[in-house]
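For reference, the chains in residue letters:
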Amino acid sequence: MRPSRGDEPMALAADVSNTIRVLEMLSSESEGLGVTQVSAGLGVNKAIAHRLLGALVEVGYVAQDKRTSTYVATHRLGALGLRQLSSSGIDTWAQRTLDALASECEELVRLAVATTDSLQWIAKAQGCNSSLRLDPVMGRSAVPYATASGKAWLSTLEPEHVQAILSKQNPSHHTPRTALDADRLNADLDEARHRGYATTFEEMDLGINAVAAPIYGAGKTTAATGTLSIAGPSVRMTRARLAELSAPLIAAATDIAATWPAFDYLSTNEEISA
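Residues numbered from 1 in each chain as written. Predicted model: local features only at pLDDT ≥ 70, side-chain atom pairs only at ≥ 80, totals over all residues. Heavy atoms only, no water.

A. Region of interest: the pattern of salt bridges. Here the structure, examined in full by the defined rule, presents 11 salt bridges. Two residues, E202 and R177, come together in a salt bridge whose shortest N-O distance is 3.2 Å. Remark: R177 occurs in the loop between α7 (159-167) and α8 (182-195) and E202 occurs in the loop between β5 (198-201) and β6 (208-215); sequence separation between them is 25 residues. Classification of E202 as buried rests on a relative accessible area of 19%. Overall, the relative accessible area of 37% leaves R177 in the partly exposed class. Across the pair R184 and E203 runs a salt bridge, and its minimum N-O distance is 3.7 Å. Here the residue R184 occupies a position in helix α8, and E203 occupies one in the loop between β5 and β6, the gap between them amounting to 19 residues. With relative accessibility at 37%, the residue R184 sits in the partly exposed group. A cluster of three or more residues bridged by salt bridges with shared partners is formed by K151, R184, D188 and E203. (Salt bridge = Lys/Arg side-chain N within 4 Å of Asp/Glu carboxyl O. Helix = DSSP H or I, 4+ residues; strand = E, 2+ residues; numbered from the N terminus. Buried < 20%, exposed > 50% of the residue type's maximum accessible area, 1.4 Å probe, protein only.)

Listed below in structure tokens is the structure:
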């Protein structure tokens, strides 16, 4: 039975809302979801879920794994988000601060933005003048348990939120020094809360150490809206050097936080709704 003309706007609004919710659900599920899981998450019948997934497959934002019949978000979704970030100016509004910090420390400086359950690098400045340089790909998500940026961000979250994020990660060794033990990770987060910054020593990449500070764009009483980090070769980025860089790093993070309200839709406290 087709909806009456009076019901069509309401039905369209429901479809748009549910389509966005499907994309939100799939964006954090690397293994994808089945029709049953999507229908349960939306609270609709399987026929509606199947129709919405089919429409998203047709326009290229979702693909179906023929082996498992699950649906996964494609890179087209991520590319759309990155284009939106770029057009909003968020990759340039803090560039002056990033450039100044990179010039001072002569290492790689990166800015990351937090969402509800992920942290993504969106801008960088490279101040290193030696032949040992880092050139990461922007738009990649930071591994929360193995990067200084990830630990700085996790240190601002409630324990239940931290566990929810880690439960989706399937933690694994990136290097022999990756901290997978829960007690060790909790100790690192406690230390980061106490000092105001987090450090990693060859936990994500061999030969690379880093220090990161949270950016409290929504105020220090809430979770960090992003992070600012400095990374470089371990031969230069010693423990003493990381501690030395923590002061200018925190000052730069504070400077960026002061202008963050213009981009408050990126706050971890904001929920996307149709």
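B. Representation of the pairing of β6 within the structure. A large share of β6 lies buried, amounting to 8 of its 8 residues. Taking the residues between adjacent antiparallel strands as the criterion, β5 and β6 are bridged by 6 residues, where E202 takes a positive phi near 55°. Looking at chain direction, β6 and strand β7 (residues 226-233) are connected through 8 bridges and run antiparallel. Bridge pairing in β7 links A210 to A231. (Pairing = 2+ DSSP bridges.)

C. Spotlight on the sheet that holds β6. Pairing is antiparallel across the open sheet formed by 5 strands, whose spatial order is β4-β3-β7-β6-β5. Every other strand in the sheet has two partners, leaving β4 (119-126) and β5 as the edge strands with one partner each. Taken pair by pair, the neighbouring strands of this sheet meet at an average axis angle of 20°, ignoring direction. (Axes fitted to C-alpha atoms, helices over the stretch in contact; angles between N-to-C directions.)

D. View of a nonpolar patch on the surface. Residues L12, V16 and I20 make up a contiguous nonpolar surface patch of roughly 240 Å² in combined accessible area. With respect to the helices and strands, L12 occurs in helix α1 (residues 8-27). The class for L12 is exposed, based on a relative accessible area of 55%. (Patch = residues over 30% accessible without salt bridge, like charges linked within 9 Å, V, L, I, M, F, W, Y side chains within 5 Å. Areas by Shrake-Rupley, 256 points an atom, 1.4 Å probe, with all protein chains shown as cover.)

E. Spotlight on the nonpolar core. L98, V109, L111, I215, L228, I230 and I256 are the most contacted members of the largest nonpolar core, which has 27 residues in total. Counting only elements with at least two residues in this core, the list comes to α5 (95-105), β3 (108-114), β4, β6, β7 and α9 (239-259). Top element by residues in this core is α9. It accounts for 7 residues. The contacts of I215, once residues within four sequence positions are left out, are L111, A224, T225, G226, T227, L228, A253, I256, A257 and W260. (Core = buried A, V, L, I, M, F, W, Y, C linked by side-chain atoms within 4.5 Å. Contact = heavy atoms within 4.5 Å.)

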